[in-house]
Amino acid sequence: MKIGIANDHASVEMKQQVVAYLKEKGYDVVNYGTDSTESCDYPVYGEKIGHAVVSGEVDFGIAICGTGLGISLAANKVHGIRAAVCSEPYTARLSRQHNDANVLAFGSRVIGIELAKMIIDEFLGAEFEGGRHQRRVDMIMDVERRESKLD
């Protein structure tokens, strides 16, 4: 499985630790984030990870900024992305099982690396359950389609 990772300046160190962890677990990792701690704009990296997932360059994305919120908001603007900000493992698992989330986001200023690893494991280990959840995911994607026609 190929995982894309994106981050801003606040999350360089955590990104490096996450990349090492993912590689240890046998994942291929593609870096779409910055490697500099100089201030930068997280929307650039949220959009990059979104496009990488939608295009199929990677199977899933992990997006990290200070809180996880800003980068996830940017990623969610890419048609087809369902980015979920998760600060604990339960939400990460359900974001995949119930919402078919394709980008996991979290904040390097909110959680530590050990919790991040648990969240990643739950997200990547879960599978979309379909069934009644498929109808709801379809409804979310319908909103996206209707909104894009308004532009």
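Scroll up to find the structure this text is about.
Given the structure is predicted, the values throughout are model-derived calculations rather than measurements. (Residues numbered from 1 in each chain as written. Predicted model: local features only at pLDDT ≥ 70, side-chain atom pairs only at ≥ 80, totals over all residues. Heavy atoms only, no water.)

### Describing the overall build of the chain
- Within the chain, the regular secondary structure consists of 6 helices and 5 strands.
- In summary, the chain has a C-alpha radius of gyration of 14 Å against a globular reference of 15 Å for 151 residues, a match within 12%.
- With respect to the principal axes defined by its C-alpha atoms, the chain has extents near 40 × 35 × 25 Å.
- A buried classification covers 48% of the 151 residues belonging to the chain.
- Sequence separation of 24 or more characterises 70% of the internal contacts of the chain that already satisfy a separation of 6 or more.
- As displayed, the chain has an accessible area near 7700 Å², and 49% of this comes from carbon and sulfur atoms.
- Charge-centre separation for the chain: the mean point of 17 positive side chains lies 5 Å from the mean point of 22 negative side chains. (Helix = DSSP H or I, 4+ residues; strand = E, 2+ residues; numbered from the N terminus. Rg over C-alpha atoms; globule rule 2.2 N^0.38 Å. Buried < 20%, exposed > 50% of the residue type's maximum accessible area, 1.4 Å probe, protein only. Contact = heavy atoms within 4.5 Å. Areas by Shrake-Rupley, 256 points an atom, 1.4 Å probe, with all protein chains shown as cover. Lys, Arg positive; Asp, Glu negative; His and termini not counted. Charge placed at Lys NZ, Arg CZ, Asp CG, Glu CD.)

### Considering helix α6 (residues 132-150)
- Compared with an ideal rise of 1.5 Å per residue, which puts 19 residues at 27 Å, α6 spans 28 Å between its outermost C-alpha atoms and is within 8% of the ideal.
- For α6, the secondary structure elements touched by its buried residues are α3 (69-76) and α4 (89-97). (Expected span 1.5 Å × (residues − 1).)

### Describing the sheet that holds strand β5 (residues 103-107)
- Pairing in this open sheet of 5 strands is parallel, and the strands run β2-β1-β3-β5-β4 from one edge to the other. Each having just a single partner strand, β2 (28-31) and β4 (83-85) make up the two edges of the open sheet. On average, each strand axis in the sheet is inclined to that of its neighbour by 25°, with strand direction left out of account.
- Sheet topology note: the β4/β5 ladder contains 3 bridges and is parallel. Among the inter-strand pairings, valine 85 is bridged to a residue of β5, identified as alanine 105.
- Relative to the sheet, helix α1 (residues 12-24) contacts β1 (2-7), β2, β3 (60-65) and β5, its axis offset from that of β1 by approximately 170°.
- Across the face of the sheet, helix α2 (residues 42-55) comes into contact with β1, β3 and β5 while running at roughly 170° to β3. (Pairing = 2+ DSSP bridges. Axes fitted to C-alpha atoms, helices over the stretch in contact; angles between N-to-C directions.)

### What about unusual backbone geometry?
- The phi dihedral of aspartate 100 falls on the positive side, at around 50°, and the residue is not glycine.
- Residue placement: aspartate 100 occurs in the loop between α4 and β5.

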